[in-house]
Amino acid sequence: MSDKVYLNGEYLPLSEAKVSVLDRGFLFGDGVYEVIPAYAGRLFRLEDHIVRLNNSLAGIRLPLSYSVADWQAIFQPMLDSSKDQYIYLQVTRGYAAKRDHGFPEQIVPTVFAMCSEIKPFAGRVNGIKAVTLDDTRWQMCNIKAITLLANILLRQEALDQDCGEALLVKDGYVTEGAASNLFAVIDGVLVTPAKNHEILPGITRDVILELAATNNVAYREDVIALEQLKAASEVWVTSSTREIVPVIELDGVAVGEGKPGPVWHTVDNLLQTYKKSLS
Ligand code: PDD
């Protein structure tokens, strides 16, 4: 973690950054967040993250009009060009004098950001085990809400079963992971669920589809039935902090040959090259 965090216009040591217990983020989980990687001090796809942030803010009816340049100016002092890091940004509906489900009349959002190092994740190259679980989340999963109880219970259930991620199942098809998007290679084609209210529109997901399109990797956005997932030759989960992680065992059964597959190798290489081209 960088020494200083940002809170409502100030840079402070983490131990001095305090918000009221009446903050609606604390009382209701009334807020949204972003996780934005920065490679060698450069924020990755900042504009896309800010578009998603603004969609999340609109989704919870919380007006806040900071430009991309405003956010860049807030984050930059926390970045270190000798490291790979990520910014965690959280905006809540702020303090209200009384606990009340309805919005307060005067809203002053709480804006908090901190910067942490991205540590290499061994599962990215070795693969992880995953388990399928019922998607118990709410119906607005396109909003990156801080209210993450279902996600954390699902991830913990996966960890308890010695797995790295939970793949979520709704009405017989898979949506995404507890904290990741989902890809599968089905009959040689890379498939990922289309964007809708059932999944978070992942920035890593977008980058992968762009790289697939420009490098002749066959792909489509489509529903993935649980049986199709179980028969897929490759399964991956993707996120900003872990990038593209191959799932090598699903519900106790090897995926493909039980090791990262050829399409993962191709697309992971494309992503690593793309990241280097930006620095
Ligand atoms: N989570 N789906 C969910 C439910 C997620 O929580 C995440 C990321 C993603 C991937 O989105 P992106 O590629 O933009 O990181 C998909 C972050 C990393 C987190 O909650 O820490």
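The preceding data block contains the structure.
Quick summary incoming for the structure in this document.

The rules behind the values
Residues numbered from 1 in each chain as written. Predicted model: local features only at pLDDT ≥ 70, side-chain atom pairs only at ≥ 80, totals over all residues. Heavy atoms only, no water. Phe/Tyr/Trp six-rings, centres within 6.5 Å; stacked < 30°, edge-to-face > 60°. Helix = DSSP H or I, 4+ residues; strand = E, 2+ residues; numbered from the N terminus. Buried < 20%, exposed > 50% of the residue type's maximum accessible area, 1.4 Å probe, protein only. Lys NZ or Arg CZ within 6 Å of the ring centre and 35° of its normal. Contact = heavy atoms within 4.5 Å. Pairing = 2+ DSSP bridges. Axes fitted to C-alpha atoms, helices over the stretch in contact; angles between N-to-C directions. Core = buried A, V, L, I, M, F, W, Y, C linked by side-chain atoms within 4.5 Å. Near = heavy atom within 4 Å. Polar contact = N/O pair within 3.5 Å; in protein donor to acceptor, adjacent residues only side chain to side chain. Areas by Shrake-Rupley, 256 points an atom, 1.4 Å probe, with all protein chains shown as cover.

1. Details of the packing of aromatic side chains
Aromatic rings in a pair are described by how distant their centres are and how their planes are angled relative to each other.
And then number 1: Counted by the stated rule, this structure contains seven aromatic pairs.
And then number 2: Centre to centre, the rings of F44 and Y274 are 6.0 Å apart; their planes meet at 75°, and the pair counts as edge-to-face. Taken together, the residues span a long stretch of sequence, with F44 in the loop between β4 (42-43) and α2 (46-59) and Y274 in helix α8 (residues 262-278) at a distance of 230 residues.
And then number 3: In this structure F44 comes out as buried when scored by relative accessible area, which is 8%.
And then number 4: Counting every residue linked through ring pairs, the aromatic cluster contains Y39, F44 and Y274.
And then number 5: Sitting above the plane of the F121 ring, R242 keeps its charged end 4.0 Å from the centroid.
And then number 6: Above the face of the Y39 ring, K275 is positioned so that its terminal group lies 4.4 Å from the ring centre.

2. Side note on the environment of H101
And then number 1: Here H101 lies in the loop between β5 (84-92) and β6 (110-117).
And then number 2: Judged by its relative accessible area of 58%, H101 is exposed.
And then number 3: The sequence separation of H101 and L27 amounts to 74 residues, and the corresponding C-alpha distance is 9.7 Å.
And then number 4: Each residue touching H101, except ones within four places of it in the same chain, is listed here: R24 and F28.

3. Some points on unusual backbone geometry
And then number 1: Even without a glycine there, the phi angle at R61 is positive, about 60°.
And then number 2: Secondary-structure assignment places R61 in the loop between α2 and α3 (68-75).
And then number 3: With phi around 50°, D187 is a residue other than glycine that occupies positive phi space.
And then number 4: Considering the arrangement of structural elements, one finds D187 in the loop between β10 (181-186) and β11 (189-192).
And then number 5: On the basis of relative accessibility, which here comes to 79%, the residue D187 falls in the exposed class.

4. Digging into the sheet that holds strand β3 (residues 31-39)
And then number 1: Overall, antiparallel pairing links the six strands, which are arranged β2-β1-β6-β5-β3-β4 in an open sheet. Of all strands in the sheet, those with a lone pairing partner are β2 (10-13) and β4, marking the two edges.
And then number 2: Relative to β6, strand β1 (residues 4-7) runs antiparallel, the two sharing two bridges. Directly across from Y6, in β6, lies its bridge partner A113.
And then number 3: Contacts between α2 and the sheet are confined to β3, β4 and β5, with β3 contributing the most and set at about 175° to the helix.

5. Notes on the nonpolar core
And then number 1: Formed by 25 residues in total, the largest nonpolar core has its most connected members in L43, W71, F75, I87, L89 and V91.
And then number 2: For this core, the elements supplying multiple residues, two or more each, are β3, α2, α3, β5 and β6.
And then number 3: Of the residues forming this core, the biggest block, four residues, is contributed by α2.
And then number 4: For I87, the contacting residues outside a window of four places in its chain are E34, V35, I36, L43, F75, M78, L79, A113, M114 and C115.
And then number 5: Listed in part, the 19 residues of the second largest apolar core include Y39, F44, W236 and L270.

6. Some details on the site of the ligand
And then number 1: As a matter of local geometry, the ligand sits amid 20 residues, with Y33, R52, E176, T204 and S240 nearest to it.
And then number 2: One nitrogen or oxygen atom from the side chain of Y33 is found 2.6 Å from an oxygen atom belonging to the ligand.
And then number 3: For the ligand, an oxygen atom lies 2.8 Å from a polar atom in the side chain of R52.
And then number 4: Here the ligand, which alone exposes 480 Å², has 89% of that area covered by the protein.

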